[in-house]
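Here is how the chains run, residue by residue.
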Amino acid sequence: MDGFFAGIEQLALVRGLKASFVAYPIVNALHIMSIGALLTSVWLMDLRILGAFRSLPQPAFVALLRRTALGAFGGALVTGSLLFSVRASEYAAMPIFLAKMTLILLAGANFLVFMRRAKGGDEPAGGVAIVLAALSLVLWTSVLFAGRFIGFLG
Amino acid sequence: MQSPFNRSVALAAAVILAAATAAYAHHGWSWTQDGFFELKGRITAIYIGNPHATLDVDAEGAVWRVEMAPPSRTIAAGFTEGVAKVGDEVTAIGHRSRDESEKRMKAVRIIVGGKTYDVYPDRVPPA
């Protein structure tokens with residue numbers, strides 16, 4: 001595994017990013033943009049499921065925000081992988097980074113459970129949907145905080 | 001409907017509080033002591049790149065992490081790949097972590113190979 005992470009650090013693209021005065025801050029900014037869009041769409045979507053903004057039709061509202069969240073997650077994944085790559089072995093050994101990855105997996109599993117229940121055509125409703133939406137809010141918000149703390153915890 | 005919503009808000013607030021009260025920040029200078037600290041040792045690893053440059057320094061058997069500036073600033077100070085190598089004797093002057101159990105400091109000045117590199121020229125100790 002150490003060799004794998006060391007190999008990532010040696011890729012030409014990654015070496016360029018590591019030394020760049022411009023590309024790295026741009027990738028960093030795009031990561032923040034993706035996270036902002038992801039957290040906003042997750043919060044609005046989950047709050048709607050929890051009973052807020054009742055004047056807006058739930059299926060259309062949730063479908064739009066889910067598409068937005070998935071697109072934003074894709075952007076965060078690409079930019080985040082690039083930020084990770086410059087010091088891959090270092091980050092992979094950090095407990096706070098591993099905690100963030102675990103939280104993303106849990107949030108993803110929570111999403112899949114919700115979508116499985118939605119398979120029949122109807123969005124989940126009632127108690128189950130409320131628990132899953134509340135979990136989603138807590139997990140994604142925790143992902144954001146864990147991510148920020150990567151820069152502050154050694 | 002009201003109570004699960006309140007519960008999720010309370011949970012989110014708890015997460016925010018837990019994160020905000022968590023340990024020591026390595027961005028900026030809030031995590032370092034005010035007084036200057038000097039570390040002498042032998043370089044065991046050099047990283048010059050984003051998000052900021054670091055040195056690992058073996059001082060009497062203990063390996064310290066010496067944080068420097070972002071690469072633009074570190075390189076502007078003259079500290080580039082090639083001015084130092086693993087095994088070189090180095091002196092790092094700066095501020096150590098407030099948590100003294102942590103072998104970590106942030107350098108404002110690096111002295112290696114008889115040359116002085118002020119990576120934070122506005123923060124170096126008065127001459």
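Right, let's walk through the structure included here.

Rules used throughout
Residues numbered from 1 in each chain as written. Chains lettered and ligands numbered in written order. Predicted model: local features only at pLDDT ≥ 70, side-chain atom pairs only at ≥ 80, totals over all residues. Heavy atoms only, no water. Helix = DSSP H or I, 4+ residues; strand = E, 2+ residues; numbered from the N terminus. Contact = heavy atoms within 4.5 Å. Buried < 20%, exposed > 50% of the residue type's maximum accessible area, 1.4 Å probe, protein only. Pairing = 2+ DSSP bridges. Salt bridge = Lys/Arg side-chain N within 4 Å of Asp/Glu carboxyl O.

## Looking at the side chain of T79(A)
So, step 1. By the secondary structure assignment, T79(A) is in helix α4 (residues 58-85).
So, step 2. The contacts of T79(A), once residues within four sequence positions are left out, are V27(A), L30(A), H31(A) and S34(A).

## Notes on the pairing of strand β2 (residues 54-59) of chain B
All names here are of chain B.
So, step 1. With five of six residues buried, β2 is to be regarded as a mostly interior element.
So, step 2. Relative to β2, strand β1 (residues 37-47) is paired through five bridges, and the arrangement is antiparallel. Bridging from a neighbouring strand, I43 pairs with V57 of β2.
So, step 3. From the end of β1 to the start of β2, which pair antiparallel, there are six residues.

## Thoughts on the pattern of salt bridges
Side-chain pairs of opposite charge can arise whenever the charged atoms involved come near each other.
Residue and element names in this part refer to chain B.
So, step 1. Inspection of every chain in the model, using the stated rule, returns twelve salt bridges over all chains.
So, step 2. Residue E89 is joined to R42 by a salt bridge in which the shortest nitrogen-to-oxygen separation is 2.7 Å. Placement of E89 in strand β4 (residues 89-96) and of R42 in strand β1 is noted, with a sequence separation of 47 residues between them.
So, step 3. Look at R42 and you get partly exposed, because its relative accessible area is 43%.

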